[in-house]
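In case you want the letters, here they are:
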Amino acid sequence: MINVYSTMLRDKEELKVKENKIKLFVCGPTVYDYSHIGHARTYISFDIIVRYLKYNGYSVFYLQNITDVDDKIINRAKKTGEDPLKLAHRFEKEYLNDMKRMNVTNVNFYARATEHIDEIINQIQTLIDKGFAYETSTGVYFDESKFPDFGKLSNRNVDELTNNRINVDSTKKDPRDFALWKKQDTQPYWNSPWGNGRPGWHIEDTAITESYFGSQYDIHGGGLDLIFPHHEAEIAQMEAASGKKPLVNYWMHTGFLNVSGVKMSKSLGNFITIKELLEKFEPDVYRFFVLSTHYRSPIDFSDDILKQAETSLERIVKTCSNINEALNSSTLPDKDNGAIINQLDLFINDFFKAMDDDFNTPIALSVLFDFIRFLNKQLADNNISKSTLITIKDALMDVEYIFGLTLFKDTNIVDTDLSDDLLSILTDVRSDLRNNKQWDLADKIRDDLSGLNIDLEDK
Ligand code: AMP
């Protein structure tokens, strides 16, 4: 049973989904510059969450949008003299490349806002038709007064919502109302029933999720800064358009990556790009650093903390390399390893207990370190038999998959499809040998496979 903290409930609850299938949407980046390591914190956290869900047998469809039309992109393009869409797609490529280097590999589909303009227009039209949106000379706006639930995710009241608005457009009925469509005749613009223009920021996400998931789905994620107003606006748009509640069952938010207690952000200029970081540290060191704090808590970044992460990771990798070395040696004892197996079971139990508790990676890591310490001692004393060591390695390879780290550097990664195919060829050859009464060769194949922990049963 996995418990997940949902921002809406402000508490943990059991993850319940139909047929073990999860539709997950996480807000993607606005691509107007290189991504920084704060972005990476959020996307690595969700990558680990998805890995854990998959490990537990869930089939996850992970969708992310790419905001490729936005004020920030247009302003940056004005400065560089580039076409805004070209600039956005240049930085989108950089983002995808950064994610690949960080081993963030579980997004099934990246959906660009500009490739969903028809869906956006349709959703805005539905909101107008149902009386939740209105047109003015500057655009189309969502009428917040028609959606009393506005503020239910962030727990903000109407006064706060009103006071927080600056640069209010005078054509709006109420300062709280937000743009669904911005009228403009300069590039980039698209034709719509309300004239030329471009979508507001919030509507792209619900138009995209409705296209792929329908009006309701399982999990929505993003950084804490998106709760208000972005995620509130998403709830308002989709629940108003569909008449169905809730938009999603679980709202998951990551804490900030801070520098000296202040959120790392482009606007404050206190950021380090992923590219810059990877000039100094391996991607796994940053991943390990992210894992060492719970995804909802803030993390303070500094070079020193990253160096500590590097040293800690090296300790685990060293143990894994010792395991590989021991497995290749012929000096392993033939012992009853009951006590060691007990320790392994304890480790596995505590590791999964931590991960089941809202993906508590720092506790899972501390449990791992306890086991590594124990293992180092047993390896040094040459107490572990080959079969026990293979079982231990299997467990650590599961950790390797879930955390997305490379712990066993010299292990050949076997493509499972390929190994299944090879196995099927081998079993066919063995059947032919048996049919031809070549028992010795057939038995040799069975015994050799058994040495790889693959047991064949003759029927
Ligand atoms: P943006 O491109 O600014 O919309 O950000 C993309 C994602 O990165 C959002 O989910 C943000 O919440 C997240 N993000 C931005 N800055 C940070 C940070 N300093 N720490 C953690 N997540 C962040």
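The notes below deal with the structure included here. Small disclaimer: the values here were computed from a predicted structure and weren't measured. Just so you know, the residues in each chain are numbered from 1, in the order the chain's sequence is written. Since the coordinates come from a predicted model, pLDDT governs what is reported: local features require at least 70, and pairs of side-chain atoms require 80 or more to be given and counted, while whole-chain, interface and lining totals use all residues. Values reported for side chains reflect all heavy atoms of the structure, with hydrogen atoms and water molecules removed beforehand.

## Some points on the sheet that holds strand β11 (residues 248–254)
Pairing between the strands of a sheet comes from backbone hydrogen bonds, and it takes one of two forms, parallel or antiparallel.
Part 1 of the argument: Strand pairing is defined by DSSP finding a minimum of two bridges between the two strands. To qualify as a helix, a DSSP run of H or I must reach at least 4 residues; to qualify as a strand, a run of E must reach at least 2; elements of each kind are numbered from the N terminus. Ordered in space as β5-β4-β3-β10-β11, the five strands form an open sheet in which the pairing is parallel. The two strands at the open ends of the sheet, each matched to only one other strand, are β5 (109–112) and β11. Neighbour to neighbour, the strand axes of the sheet diverge by 25 degrees on average, direction disregarded.
Part 2 of the argument: Where strand β4 (residues 59–66) lies against β5, four bridges are found, and the strand directions are parallel. When the sheet's bridge partners are listed, Gln64 is paired in β5 with Tyr110.
Part 3 of the argument: Packed onto the sheet, helix α3 (residues 84–101) meets β4 and β5 and runs at close to 165 degrees relative to β5.
Part 4 of the argument: Only heavy atoms matter for contacts: two residues are in contact if any of them lie within 4.5 Å across the pair. Note on geometry: axes are C-alpha line fits, over the in-contact stretch for helices, and angles between N-to-C directions span 0 to 180 degrees. Sheet strands in contact with helix α6 (residues 201–213) are β3 (21–26), β4, β5 and β10 (217–223), and its direction is about 145 degrees off that of β4.

## Notes on the pairing of strand β8 (residues 178–183)
Part 1 of the argument: Two elements, strand β7 (residues 139–142) and β8, share four bridges in a ladder whose sense is antiparallel. Bridging from a neighbouring strand, Val140 pairs with Trp181 of β8.
Part 2 of the argument: As defined by bridge partners, β8 adjoins strand β9 (residues 197–199) across three bridges and the pair is classed as antiparallel. Paired with Lys182 across the two strands is Arg198, which belongs to β9.

## Points about the side chain of Gln237
Part 1 of the argument: Here Gln237 shows up in helix α7 (residues 227–242).
Part 2 of the argument: Residue classification places Gln237 among the buried residues on the basis of a relative accessible area of 0%.
Part 3 of the argument: Apart from residues no more than four positions distant in its own chain, Gln237 is found in contact with Leu127, Phe142, Phe178, Leu180, His202, Ile203 and Thr206. A 1.4 Å probe rolled over the protein chains alone gives each residue an accessible area, and that area as a share of the maximum for its type sets the label: buried under 20%, exposed over 50%, partly exposed in between.

## What about empty space enclosed by the protein?
Part 1 of the argument: Every definition here rests on a 1 Å grid over the protein atoms only: cavities are sets of points where a 1.4 Å probe fits but cannot get out, pockets are open sets enclosed by protein on both sides within 12 Å along at least five of seven lines, and lining residues have some atom within 4 Å of a point. Grid points are joined across faces, edges and corners, and a volume is the space filled by probe spheres set on the points. Applying the stated criterion across every chain, the model contains one cavity of 30 Å³ or more.
Part 2 of the argument: When its volume is computed, the largest cavity comes out at roughly 80 Å³.
Part 3 of the argument: In this structure, the largest cavity is lined by Ser45, Ile48, Ile49, Val290, Leu291, Thr293, His294, Tyr295, Phe359 and Thr361.
Part 4 of the argument: Of all the secondary-structure elements, those providing two or more residues to the lining of the largest cavity are α1 (37–55) and α9 (283–291).
Part 5 of the argument: Within the lining of the largest cavity, the residues separate by chemical class into six nonpolar, four polar and no charged. In this count, Pro and Cys sit with the nonpolar residues alongside Ala, Val, Leu, Ile, Met, Phe, Trp and Tyr, while Asp, Glu, Lys and Arg are called charged and the others, Gly among them, polar.

## Here we look at the environment of Asn324
Part 1 of the argument: As for its placement among the helices and strands, Asn324 is situated in helix α10 (residues 303–328).
Part 2 of the argument: Asn324 sits in the buried class, given a relative accessible area of 6%.
Part 3 of the argument: Distance in space between the C-alpha atoms of Asn324 and Ser387 is 13 Å, their sequence separation being 63 residues.

## Some details on the nonpolar core
Part 1 of the argument: Nonpolar cores were defined as sets of buried Ala, Val, Leu, Ile, Met, Phe, Trp, Tyr and Cys residues, with membership established by side-chain atoms within 4.5 Å. Leu15, Tyr286, Ile392 and Phe403 are the most contacted members of the largest nonpolar core, which has 88 residues in total.
Part 2 of the argument: Residues within four places of Tyr286 in sequence aside, it is in contact with Ile37, Gly38, Ala40, Arg41, Ile44, Met102, Leu257, Leu277 and Leu306.
Part 3 of the argument: Membership of the second largest hydrophobic core comes to 40 residues, among which are Phe25, Ile124, Phe147 and Ala207.

## Remarks on the site of the ligand
Part 1 of the argument: Neighbouring residues are identified by heavy atoms, a residue being near a molecule or strand if any of them is within 4 Å of it. Surveying the vicinity of the ligand reveals 16 residues, the closest of which are Thr42, Gly223, Asp225, Leu257 and Met264.
Part 2 of the argument: N or O atoms within 3.5 Å of each other form a polar contact, as long as, within protein, one can give a hydrogen and the other can take it, and as long as residues adjacent in sequence are counted only when both atoms are side-chain atoms. Between an oxygen atom of the ligand and a main-chain N or O atom of Thr30, the distance comes to 3.0 Å.
Part 3 of the argument: Only the protein chains shown count as cover for residues, with accessible areas throughout obtained via the Shrake-Rupley method and a probe of 1.4 Å. Coverage of the ligand by the protein chains reaches 92% of its 490 Å² of free accessible surface.
Part 4 of the argument: Elements with a minimum of two residues in the shell around the ligand: α1 and β10.
Part 5 of the argument: Along the lines of polarity and charge, the residues of the shell around the ligand split into six nonpolar, eight polar and two charged.

## Observations regarding the sheet that holds strand β14 (residues 299–300)
Part 1 of the argument: Strand order across the open sheet formed by three strands is β13-β12-β14, with mixed pairing between neighbours. Only two strands of the sheet have a single partner each, and these edge strands are β13 (262–263) and β14.
Part 2 of the argument: Relative to β13, strand β12 (residues 257–259) is paired through two bridges, and the arrangement is antiparallel. Each bridged residue has a counterpart across the sheet, and for Asn258 the counterpart in β13 is Lys263.

## Considerations on the packing of aromatic side chains
Part 1 of the argument: Each pair of aromatic rings taken from Phe, Tyr and Trp, with Trp reduced to its six-membered ring, is defined by centres within 6.5 Å and is described as stacked if the planes are under 30 degrees apart, edge-to-face if over 60, and tilted in the remaining cases. Throughout the structure, instances matching the rule amount to 24 aromatic pairs.
Part 2 of the argument: Seen in terms of ring centroids, Phe351 and Phe403 are 5.5 Å apart; in terms of plane orientation they differ by 50 degrees. Their pairing is tilted. Taken together, the positions of Phe351 in helix α11 (residues 338–356) and Phe403 in helix α13 (residues 386–403) put the pair 52 residues apart, joining distant regions of the chain. A single burial state applies to Phe351 and to Phe403, both of which are buried.
Part 3 of the argument: Taken together through their ring pairs, the aromatic side chains of Tyr52, Tyr55, Tyr295, Phe347, Phe351, Phe352, Phe359, Phe371, Phe374 and Phe403 make up a single cluster.
Part 4 of the argument: In this arrangement the basic side chain of Arg51 is found over the ring face of Tyr401, its NZ or CZ atom lying 5.4 Å from the centre.
Part 5 of the argument: For a ring to carry a charge above it, either NZ of a lysine or CZ of an arginine must fall within 6 Å of the ring centroid while also lying within 35 degrees of the normal to the ring plane. In this structure, Lys263 packs its charged tip against the face of Phe256, placed 5.1 Å from the ring centre.

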